[in-house]
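Commentary on secondary and tertiary structure
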Amino acid sequence: MTTLHVVNGRVLHPDHSITESDLLIDQASGTIEEIGAVDAEDADERSSSANRTQSDDADETLDAEGGLVIPGLINAHGHAAMTLLRGYADDKPLEAWLQEDIWPAEGELTAEDIRVGTELAAVEMIRSGTTGFADMYFEEPHVAGVVDESGLRALLGHGFVSVGKPEADARADMETSVNFAAQYDKVGGDRISTAVMPHSLTTVNEALLREAVERAREADVPVHIHANETEDEVDPIVAERGVRPMEYAEDVGLLADGDFLAHCVHVDDDEIERLADSDAAAIHCPASNAKLASGIAPVQAMLDAGVSVGLGTDGAASNNDLDMFDEIRDAAMLGKLGADDAAAVPASAAVRMATEGSAAALGFDAGRIEVGAKADLAVVDLDAAHLTPGHDLVSHLAYAASGSDVRHTVCDGDVLMEDREILTLDEAAVTERAEEQAADLIDRVA
Ligand SMILES: CSC[C@H]1O[C@@H](n2cnc3c(O)ncnc32)[C@H](O)[C@@H]1O
Ligand SMILES: [Zn+2]
C-alpha cells in the first residue's frame, strides 16, 4: 500500500470541530485510512524535515504545519471552459448577455478552445483548493481528458438546447448528451462521472426534455439543468402551463435521486417543499445570480425546509472567477441580505454547502474528512495577517480566507499542488496558451 501522510496540521472534522491530527491516506483506493492524534515528538521531527519526503517505508509525507486541513471544495455548477470568456461581456442581465454576447461567441468555439479553457479552469480550481466540479458544456470528451490529466474529480455533461434549432439538430444535440453520459460514466476509475444535461426548463422543449430524462434513467445517470434562475424563465412556464417550474419539472420526471438543479433563485414556498420532499439538490450560485442581477435565492428557507443545497460558481464569464472561497462568502453575505437576517446562512452553513452539500449533490464520496471518505482535501495556510487571530477558523474560511491562502491540494490521494506549485499541469504554459486561444476566439467572433 502506498500511503500519503498529511502531518502537523489541524483538521476540520465533519461536525466542524478542529483537532491537531495527522491523516493517513491509501493512495491506491484514494481514501482516508486513519485520522490520528499527533505524537508531539514525531511532529517536531517531521516538521524539521523537507515538506514532502520519501520516508523509510517509501511513503510520502505532506507537511501541513501552520495549516488547516479542510475537505477539498466542490464547485457543483459551472461551465469550465468559459474561462476563455472571462471579462468578455459584463454588466448585462442573463438573457441579453447570452443572446448578444455569449451564444455568438460560443458558436465559434472549437474543441481546442474548450480543452485549453478547461485546463485554465483546472489550474484556477487546484490553486484555490477546489478538488471536484460539475461541468455543463460542449466537447465533453476533451473536458474529460483535462480532468484525467489534472487529477481533479468531476461530473461532466454535454449541455443541449432545442430553442432556435431545427428539430433534427435539437434531437442530435440531445443524443450527444445521452451518449456522452452513458459512455464516460466512471470511465477509467471513479474520478469522472456524468449526467444528462438539458440546458434549462425553457430552452429545451417538453418532448425532448421528457425523452432526455427517460434516457438518463435508462443509462442510470442523473440529470443536471438550470432552473428558476430569473423571473423571465418562470413567467412563460406559468403562462403556458398554469404551473410553476418545479411542478413542471416533476411532471417531466425530474427531481429524482441524483438530479441537481442550478440556481433555484425564484422558487416559492410550494416549490421549496417540492424540492425538500424530493431527492434532488439545488445548487446555489450567489455570485452569478448577483452579477446578472437574477435575484437572491432563498437559501436559508431552503435549508430550513430540508432541501439539499450545494454551491457553484457558474461560468467564469458571469462570476468572474472560480474561487469557491469567494462563493462561500457570497452565500453567507447574500443569504443574510435576502433573509433580512444577519443570523441567516451562518459561516458553518456556507462552508457545509461548498463541501458536504456539493458532494452529496454530485454523488461524490467526499466533502468530509472522515475515515473511508475520498482523500480530497486542501490545506489552508493560516499564517497570514488576515487570518489572525484564530478565534474561529470556520468563520475565517467563510469570511476572511481566499483561494490564494491554499498551500496544498490533494485529490483521490494524489498531491495536485504542493507549496502552491501545481504538479499535474504546467501552469505557465496553460495560462500563456489560454491567453493566445482566447484572443484567437475573439478574432473569429468579430
Ligand atoms: C448548453 S451548455 C451550457 C450553456 O449555458 C450557458 N450559461 C452560462 N451561464 C449560464 C447561466 O447563468 N444561465 C443559463 N445559461 C448559462 C453557457 O453559456 C452555455 O451556452
Ligand atoms: Zn450555468
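Residues numbered from 1 in each chain as written. Chains lettered and ligands numbered in written order. Predicted model: local features only at pLDDT ≥ 70, side-chain atom pairs only at ≥ 80, totals over all residues. Heavy atoms only, no water.

Proteins that are soluble and globular tend to have nonpolar side chains buried together. Counting 110 residues, the largest nonpolar core has Ile-70, Trp-97, Leu-156, Leu-201 and Met-302 as its most contacted members. With eight residues, the top contributor of residues to this core is helix H3 (residues 111-127). Dropping the residues within four chain positions of it, Met-302 is found in contact with Cys-264, Val-267, Ile-272, Leu-275, Ala-282, Ala-297, Val-307 and Val-309. Of all hydrophobic cores here, the second largest spans 16 residues; its members include Met-136, Leu-155, Ala-195 and Met-197. (Core = buried A, V, L, I, M, F, W, Y, C linked by side-chain atoms within 4.5 Å. Buried < 20%, exposed > 50% of the residue type's maximum accessible area, 1.4 Å probe, protein only. Helix = DSSP H or I, 4+ residues; strand = E, 2+ residues; numbered from the N terminus. Contact = heavy atoms within 4.5 Å.)

Our focus in this paragraph is the packing of H3 against helix H4 (residues 140-150). Their axes nearest at 9 Å, the elements H3 and H4 cross at an angle of 35°. Our pair here, H3 against H4, has a crossing hand that is right-handed. Where H3 abuts H4, its residues Ala-111, Ile-114, Arg-115, Thr-118, Glu-119, Ala-122 and Ile-126 lie against His-142, Val-143, Val-146, Glu-149 and Ser-150. In terms of residue class, the contact of H3 with H4 is built from six nonpolar, three polar and three charged. (Axes fitted to C-alpha atoms, helices over the stretch in contact; angles between N-to-C directions. Left-handed = near helix turned anticlockwise from the far one by under 90°. Nonpolar A, V, L, I, M, F, W, Y, C, P; charged D, E, K, R; others polar.)

Right, let's get into the layout of surface pockets. Its boundaries defined by the atoms lining it, the largest pocket holds a volume of some 760 Å³. Lining of the largest pocket is provided by 39 residues; of these, Leu-94, Leu-98, Trp-103, His-199 and Thr-203 occupy positions nearest its centre. Within the residue set of the lining of the largest pocket, elements represented by two or more residues are helix H2 (94-106), strand S8 (130-137), strand S9 (153-160) and helix H7 (231-241). By residue number, the principal contributor to the lining of the largest pocket is H2, which donates nine residues. (1 Å grid on protein atoms, 1.4 Å probe; cavity = no way out; pocket = protein on both sides within 12 Å on 5 of 7 lines; lining within 4 Å. Points joined across faces, edges and corners; volume = space filled by probe spheres on them.)

Once that is clear, we can look at the coordination of the zinc ion (ligand 2). Within the protein, the zinc ion (ligand 2) binds to His-77 (NE2), His-79 (NE2), His-226 (NE2) and Asp-314 (OD); these donor distances fall in the range 2.0 to 2.2 Å. In this structure, the zinc ion (ligand 2) is surrounded by four donor atoms whose angles at the metal cover 85 to 163°, and the resulting shape is irregular. Sequence positions of the donors to the zinc ion (ligand 2) reduce to the motif H-x1-H-x146-H-x87-D. One end of the pair, His-77, is in the loop between strand S7 (73-75) and H2; the other, Asp-314, is in the loop between strand S15 (308-311) and helix H12 (324-339), with 237 residues separating them in the sequence. An identical accessibility class is assigned to His-77 and Asp-314; each is buried. (Donors = N, O, S within 2.8 Å, 3.2 Å for Na, K, Ca; no water. Tetrahedral: all angles 85-135°; square planar, octahedral: opposite > 155°, others 65-115°.)

We now examine the site of ligand 1. What surrounds ligand 1 is a group of 19 residues, the closest being Trp-103, Glu-106, His-199, Glu-229 and Asp-314. Measuring from a nitrogen atom of ligand 1, one finds a side-chain N or O atom of His-199 at 2.8 Å. Taken atom by atom, the bulk of ligand 1 overlaps the largest pocket. It is H2 that provides the largest number of residues to the shell around ligand 1, a total of six residues. Among the residues making up the shell around ligand 1, the classes are represented as ten nonpolar, six polar and three charged. (Near = heavy atom within 4 Å. Polar contact = N/O pair within 3.5 Å; in protein donor to acceptor, adjacent residues only side chain to side chain. Sits in = over half its atoms within 2 Å of the grid points.)

As a further point, take the side chain of Asp-381. Counting through the fold element by element, Asp-381 comes out in strand S16 (residues 377-381). Owing to a relative accessible area of 18%, Asp-381 belongs among the buried residues under this scheme. In terms of polar contacts, Asp-381 uses its side chain to reach the backbone amide nitrogen of Asp-383, at 3.1 Å. With residues up to four places along the chain from it excluded, the contact list for Asp-381 reads Gly-66, Gly-67, Leu-387, Asp-405, Arg-407 and Arg-420.

For the rest of this paragraph, the subject is the UniProt feature "binding site: substrate" (unreviewed entry) in the protein chain. The feature "binding site: substrate" (unreviewed entry), as annotated in UniProt, sits at Glu-106, His-199, Glu-229 and Asp-314 in this numbering. Looking only at the residues we just named, the largest cavity is lined by Asp-314. By the element assignment, His-199 lies in the loop between strand S11 (197-198) and helix H6 (206-219). In this view, His-199 contacts Trp-103, Met-136, Phe-160, Val-161, Val-204, Ile-225 and His-226; residues no more than four positions away in its chain are not counted. A polar contact of 2.7 Å, which involves the side chain of His-199, links it to the side chain of Thr-203. (UniProt positions renumbered as here; feature names shortened; annotations may be inferred.)

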